[in-house]
Amino acid sequence: MERIRSFYNDKRQQVVLFSATAIALYGYDQGMMSLINTNYDYLSTMGISEEDPLVGLIVSVYYLGCALGAVLFSWLADNYGRKPGLWGCLATASLGNLIMFVAGLGYSRGAMPVMFVGRVIMGLGVGGVDSVVPVYSSELSEDEARGKALAQEFQSNILGLNIAFAINLAATTMLGKGNQWAWRIPIIVMQAYPVLLLVFIERLPESPRWFVFHEQEDDAKKALVTIYGEDEGKSKHEELVESHKSEADQSIGYMDMFTPSHPQFHPTVITIMGQVNQALTGYGAVSVYGPQIFQLLGFGVRPSEYLTQGNYVSYLVLMTLAWLLIDAVGRRRLLVAGSAALTLCFLLLTLFGGLADNAARL
C-alpha cells in the first residue's frame with residue numbers, strides 16, 4: 001500500500017511509466033503485424049496472396065507515417081508544449097488503429113485502401129510518440145539516471161513486441177488462421193495503450209525546460225515544485241534558469257547539425273548512423289516477418305511462430321542488461337561491446353548458413 005501511495009505522489013515515477021508505456025506502442029505494432037500477414041482471412045479480405053508485394057507495402061507505409069509523424073509532432077511539441085504534442089500523437093495513433101480495425105469489417109471491396117489509410121495515420125501518431133516521449137522524459141529525469149530511464153523505456157518497446165505477438169499467437173492458435181477475429185483482436189487490443197495514456201496524461205507535469213525556453217518561468221517553477229517538492233523544486237528552478245541563460249547564445253538549428261565544421265555535426269552523424277546501422281541489422285525484418293523467415297529456413301508453421309516468440313523474449317532479456325549497465329559502464333563502452341557481439345553473431349550466422357547450404361546440396 002505504501003508503494004502504491006508513493007507512486008501516486010511521485011511524478012517522476014509516473015513520467016517513467018507513462019513514457020515506457022507510450023514507447024511500447026511502436027513495438028506492439030511490429031509484433032502485431034507479423035502473424036496478421038499470414039492470416040488467410042486477412043489476405044482474402046485485402047484481396048492479396050501471402051507472396052504479394054502488397055503485403056509488405058501495407059506494412060511499410062506505417063514506417064513512412066512514422067517518419068512524417070516524428071517531424072510533425074516534434075514541431076508541435078516544440079511550439080505548443082510536450083503534453084499537447086503527446087496528446088495529439090496518442091489521439092492520432094488511436095484513430096489510425098480504429099480505421100485498421102474496421103477495414104473490411106462487413107465488406108471486402110475497398111478494404112485495402114482503408115487499411116492503407118489506417119496504417120499511415122497510426123504511423124503518424126506512433127512516430128510522434130517515438131520522437132516526443134524521449135525528449136519529454138529526459139527533460140524530467142535526473143542527469144545521473146537519464147540513461148537508465150531511457151533504456152528502460154525502450155525495453156518497453158520490446159515488451160510491447162512480445163505482448164502483441166503473444167496475443168496474436170494465442171488468437172491464431174484458438175481461432176485458426178482462417179478466422180477474421182484472429183487478426184482483428186490483436187489490432188483492437190492496441191487501443192488500450194493510447195486510451196489509457198490519454199486519460200493519464202493530465203496527471204503529468206509539463207516540461208519545466210520547455211517553460212523556461214518559452215520564458216514562462218513561473219510555470220516552470222510550479223512544475224518543478226510539483227515534481228521535486230517545495231525546496232528542491234525552487235533550487236532546481238534557479239539552476240535551470242541559469243543554465244538556460246548560459247546556453248541562450250548557443251542556439252543550434254537543424255542546418256548547424258548538418259554543417260561539417262560545426263561542433264554538433266559529429267555527434268549528430270554518429271546518432272543518425274547508429275539508428276541506420278541498427279535498421280540494417282535486419283531487426284525490423286525479423287520483428288515483422290519472423291514467422292515467414294523461419295519458414296523459409298525450413299521450419300514448420302507452428303515451430304516458426306514459437307521461434308519468433310523466443311527471439312522476441314531474447315530481445316527483452318538482453319535489453320535488461322542494457323539498462324543495468326548503461327550508467328555503470330557508460331554509453332560508449334556499451335555501444336562498442338554490443339557492436340562487437342553483433343559482429344560475432346553475424347559471422348557465426350554466415351558460417352552456419354554456408355555449412356547448412358552445402359549440406360543441403362549434397
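Whatever comes next refers back to the structure up there.
Anyway, here's the lowdown on the structure attached to this text. (Residues numbered from 1 in each chain as written. Predicted model: local features only at pLDDT ≥ 70, side-chain atom pairs only at ≥ 80, totals over all residues. Heavy atoms only, no water.)

Looking only at helices and strands, the protein chain has 17 helices and 0 strands in total. Since a compact globule built from 362 residues should have a radius of gyration of about 21 Å, the 22 Å found for the protein chain is in line with a globular shape. Overall, the protein chain is about 70 × 50 × 50 Å in size when its C-alpha atoms are taken along their principal axes. The buried share of the protein chain, taken over its 362 residues, is 41%. By sequence separation, contacts in the protein chain at least 24 residues apart represent 76% of the contacts at least 6 residues apart. Summed over all atoms, the accessible surface of the protein chain reaches about 19100 Å², with 66% contributed by carbon and sulfur. (Helix = DSSP H or I, 4+ residues; strand = E, 2+ residues; numbered from the N terminus. Rg over C-alpha atoms; globule rule 2.2 N^0.38 Å. Buried < 20%, exposed > 50% of the residue type's maximum accessible area, 1.4 Å probe, protein only. Contact = heavy atoms within 4.5 Å. Areas by Shrake-Rupley, 256 points an atom, 1.4 Å probe, with all protein chains shown as cover.)

With that out of the way, let us pick up the nonpolar core. With 60 residues, the main nonpolar core has M32, Y42, M46, I58, M115, V126 and M190 as its most contacted residues. A per-element tally of this core places helix 2 (residues 11-36) first, with 11 residues. Discounting chain neighbours no more than four positions away, the residues touching M46 are I58, A103, A111, M112, M115 and W183. Of all hydrophobic cores here, the second largest spans 8 residues; its members include L35, I158, Y312 and Y315. (Core = buried A, V, L, I, M, F, W, Y, C linked by side-chain atoms within 4.5 Å.)

Before going further, it helps to examine unusual backbone geometry. Even without being glycine, E215 reaches a positive phi, approximately 60 degrees. Counting through the fold element by element, E215 comes out in the loop between helix 10 (208-213) and helix 11 (217-228). The class of E215 is exposed, set by a relative accessible area of 71%.

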